[in-house]
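Descriptive structure summary
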Amino acid sequence: MKYDNIRNFSIIAHVDHGKSTLSDRLLEATGTIEKRNMKAQLLDRLEIERERGITIKSVPVRMDYKAADGGNYVLNLIDTPGHVDFSYEVSRSLAACEGAVLVVDAAQGVEAQTVANSYLAADLDLELIPVLNKIDLPSAHPEQVKRELEEIIGIDAGDAVPVSAKTGEGVPELLERIVRDIPAPSGDASAPLQALIFDSVYDNYRGVICYVRVVNGTLSAGQNVRFMATAQDYELTEVGVFKPEMIQVGALGPGEVGYICASIKTIDEARVGDTVTESARPAAEPLAGYKKVKPVVFCGFYPIEREDINQLREALEKLQINDSAISFEPENSAALGFGFRCGFLGLLHMEIAKERLSREFGVDLVATAPNVVYQILLTDGSVKEAHRPSDFPEQVRIEEIREPYIKLSIFMPDQFVGAAMQLCQEKRGSYSGMDYIAPERVRLTYDMPLAEFILDFHDRLKSCTRGYASLDYEHVGFRAANLVKVDVLLQEEPVDAFSFICHADQAYHRGHAVVGKLKELIPRQLFEVPVQAAVGKKVIVRMNIKAVRKDVLAKCYGGDVTRKRKLLEKQKEGKKRMKQVGHVSIPQEAFLAFMDVTKSEEN
Ligand SMILES: Nc1nc2c(ncn2[C@@H]2O[C@H](COP(=O)(O)OP(=O)(O)OP(=O)(O)O)[C@@H](O)[C@H]2O)c(=O)[nH]1
């Protein structure tokens, strides 16, 4: 049956098109938050989200709304992030909805993520309500943007709702449209319980809190439930809804969105995408879950103080509950001690994780240079995955190295096409197409190795298009490439933290940059220290850190030349011995600088 008074929807948009501001207006217009208690972007709860002005985590909120038809409705809004790295969060939230409000900035037009997010919604058969935001701006051109929506995304934009999230204009009309156009959820209250976990967070007092959407049956406090993926049973200690703060309720029925707590301690017990059912009367089948996202960018996280390793582990475990796309495994580096190899969906994802670890969990850490995941075909025919340069086998055992590729779409004014194409070529991209999406605005598509993209593509694109380009990408699998592992040797010994993988053509250039930087940063020792870059056994770059020379002759007043020579000979001997046993300690700045070199040496 239909639950006619409920509407579950998300707002999807390109970054900065006004999704969070519009959510604020909806909360205000429905009286969910009183105006005087309103702070901007209420749903962006993480401190970093507010500072950076981007949404990372999806937050659900329940609004009560009395519509023009006199009916009382419950509107569940599930906020979603806009950045590409977080598109898995978007599809997760969308799976809990029947419809989505597609916000487009009427002054900017359709951008890369407008398209990407609309496709995610279309895949899930959601009803889309197009909204043209920022119509208060003099530069708004809603008619043109409607045409873009129709031509590029292929939806009927004739009745798109014009809105200003800033002034509140058009918001009442939008609420009516939500009630009218978004389908009411259907479900069966008497059927066995099925509730989808679409997100989870960790709370120090309550353990894991699961965000759920009930599909069939009823969830109530005190009930014994089973998580279908693990077949573990728990007693629900709390059931509630978001207003937007958590408010306990007696029960959640079909179509409702809320949260449950059950003294769950780890993420493995309550996985996002799993189905919650009743222990006494379990459902026959779980709901369709989510595709597990696989991390593609890896880097090492090491605590600055070595004894903080356990603190880092705990923090990572908790962060993983909130962000299940993060993976980590212990690793050991000769230079940095014990740490973790962590996997992420992209560079921004990695930076956010690092920042959250330090802010929310107080762990200070060093992150090694990021690299992508590689597939290595060995001479014996087997395929191995490498998450770090040290996973690479010896050169002779490698038949082929494959790296992940992405399909990039860049939206920009046509005057920047030349510059963008040049950048893509330089980044080993291969041209795949270009089309006009509006007069003077084009979409350019390229296939590109992810490794080149994560290096500094975004920043460089921004500067060569003066910030007017927007981009989106999807993964298109692994392709073979002529890649090599470059080792960096200090006193002939490879230092694992400095090894990196790159295209054979760039090995010398990048090796030179790294060796040069290390030469600058490693303090001079009492003996000469060679710094080298090598591919396999072949040294491609060598520089020496000169020895500091103690003036052994200072105390030798007068005397003949043989005496002086003897002293110098002795010094030379000593240095030779020291070189054999001497240990070069690498200052932390060298590691930090290394990360910069690999990131930006091409600028
Ligand atoms: N003039 C005008 N500015 C608006 C309007 N709506 C939003 N803005 C501004 O546009 C900027 C981006 O708005 P946000 O609501 O943060 O955008 P967002 O889509 O939520 O961004 P993400 O959270 O990163 O996805 C902010 O500076 C807003 O003040 C509007 O209707 N008119």
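Residues numbered from 1 in each chain as written. Predicted model: local features only at pLDDT ≥ 70, side-chain atom pairs only at ≥ 80, totals over all residues. Heavy atoms only, no water.

Before going further, it helps to spend a moment on the nonpolar core. In terms of nonpolar packing, the biggest core is built from 55 residues, with F301, Y374, L408, I410, M412, F453 and F457 touching the most fellow members. Residue-level mapping places this core at the junction of two domains, with at least three residues from each of domain 3 (297-369) and domain 4 (374-480). Core analysis: the next-biggest nonpolar cluster, separate from the first, contains 34 residues, L102, A140, Y211 and I437 among them. (Core = buried A, V, L, I, M, F, W, Y, C linked by side-chain atoms within 4.5 Å. Buried < 20%, exposed > 50% of the residue type's maximum accessible area, 1.4 Å probe, protein only. Domains from an automatic or database assignment.)

All right, on to the domain arrangement of the protein chain then. Domain parsing of the protein chain yields domain 1 (3-181), domain 2 (194-278), domain 3 (297-369), domain 4 (374-480) and domain 5 (484-601). In this assembly, 16 residues from domain 1 lie in contact with twelve residues from domain 4. For the pair domain 1 and domain 4, the two sides together bury roughly 990 Å², of which 51% comes from carbon and sulfur. Along the contact surface separating domain 1 from domain 4 lie one salt bridge. The interface formed by domain 1 and domain 4 includes four residue pairs in polar contact (both at pLDDT 80 or more). Of all the secondary-structure elements, those providing two or more residues to the side of domain 1 that touches domain 4 are α4 (112-123) and α5 (142-153). When its residues are assigned to classes, the side of domain 1 that touches domain 4 shows six nonpolar, six polar and four charged. (Contact = heavy atoms within 4.5 Å. Buried area = accessible area lost by both parts, 1.4 Å probe. Salt bridge = Lys/Arg side-chain N within 4 Å of Asp/Glu carboxyl O. Polar contact = N/O pair within 3.5 Å; in protein donor to acceptor, adjacent residues only side chain to side chain. Helix = DSSP H or I, 4+ residues; strand = E, 2+ residues; numbered from the N terminus. Nonpolar A, V, L, I, M, F, W, Y, C, P; charged D, E, K, R; others polar.)

Take the state of the cysteines next. The full count for this structure, using the stated rule, is zero disulfides. No disulfide involves C210; its sulfur sits 7.9 Å from that of C261, the nearest cysteine. Under the relative-accessibility criterion, C210 is labelled buried at 0%. Cysteine C342 is unpaired, with the sulfur of C299 as its nearest cysteine sulfur at 6.0 Å. (Disulfide = S-S within 2.5 Å.)

Under the feature "binding site: GTP" (unreviewed entry), the UniProt entry names D16, H17, G18, K19, S20, T21, N133, K134, I135 and D136. When you line up the elements, K134 lands in the loop between β5 (127-133) and α5. The contact partners of K134, leaving out residues within four places of it in the chain, are D16, H17, G18, D105, A140, V163 and S164. Along the chain, I135 turns up in the loop between β5 and α5. Discounting residues that sit within four places of it in the chain, I135 has contacts with A106, A140, P162, V163, S164 and E169. (UniProt positions renumbered as here; feature names shortened; annotations may be inferred.)

What follows deals with the pattern of salt bridges. Here the structure, examined in full by the defined rule, presents 29 salt bridges. We note a salt bridge from D105 to K134, for which the minimum N-O separation is 3.2 Å. Taken as a pair, D105 in strand β4 (residues 99-105) and K134 in the loop between β5 and α5 lie far apart in primary sequence, 29 residues in all. Put simply, R177 and D159 hold a salt bridge, and the shortest N to O gap is 3.6 Å. Residue R177 is found in helix α6 (residues 171-181), and its partner D159 is found in the loop between α5 and β6 (161-162); the two are separated by 18 residues along the sequence. We classify R177 as buried; its relative accessible area is 11%. In this structure, a network of salt bridges that share partners links the residues E329, E331, R341, R388 and D391.

Before going further, it helps to examine the packing of aromatic side chains. Summed over the entire model, instances satisfying the criterion amount to eleven aromatic pairs. Ring centres 6.2 Å apart and planes at 70 degrees place the aromatic pair F198 and Y211 in the edge-to-face group. A residue pair is termed long-range when its members are at least 10 positions apart, and F198 in strand β7 (residues 194-203) and Y211 in strand β8 (residues 207-216) qualify at 13 residues. Y211 shares its class with F198; the two are buried. When the centroid spacing of 5.5 Å and the interplanar angle of 35 degrees are considered together, the rings of F453 and F457 count as tilted. On the criterion of helical spacing, the pair formed by F453 and F457 is a turn pair, its members being four residues apart in helix α10 (residues 450-464). You'll find F453 and F457 in the same group, each marked buried. By the ring-pair criterion, three or more aromatic residues cluster together here, those being F198, Y211, F242 and Y259. Above the ring of Y405, the side-chain terminus of R479 is found at 4.6 Å from the ring centroid. (Phe/Tyr/Trp six-rings, centres within 6.5 Å; stacked < 30°, edge-to-face > 60°. Lys NZ or Arg CZ within 6 Å of the ring centre and 35° of its normal.)

Okay, the environment of N76 next. Inspection of the secondary structure assignment puts N76 in strand β3 (residues 72-79). Separated by 155 residues in sequence, N76 and A231 have C-alpha atoms that sit 29 Å apart. Ignoring any residue separated from it by four or fewer positions in sequence, one finds N76 in contact with I6, R7, N8, F9, V61, R62, G255, E256 and V257. Within the local environment of N76, its side chain forms a polar contact with the side chain of N8, the two groups lying 2.8 Å apart.

Next up on the list: the sheet that holds β7. Spatial strand order, β11-β10-β16-β7-β8-β15-β12-β13: eight strands in an open sheet with antiparallel pairing. Each edge of the open sheet carries a strand with a single partner, namely β11 (232-235) and β13 (246-248). Strand-to-strand twist of the sheet, defined as the mean angle between neighbouring strand axes without regard to direction, takes the value 40 degrees. By the bridge criterion, five bridges tie β8 to strand β15 (residues 257-261) in an arrangement that is antiparallel. The residue of β15 that forms the bridge with Y211 is Y259. Along the sheet face, helix α7 (residues 309-322) touches β7 and β8 and points at about 145 degrees away from the line of β7. (Pairing = 2+ DSSP bridges. Axes fitted to C-alpha atoms, helices over the stretch in contact; angles between N-to-C directions.)

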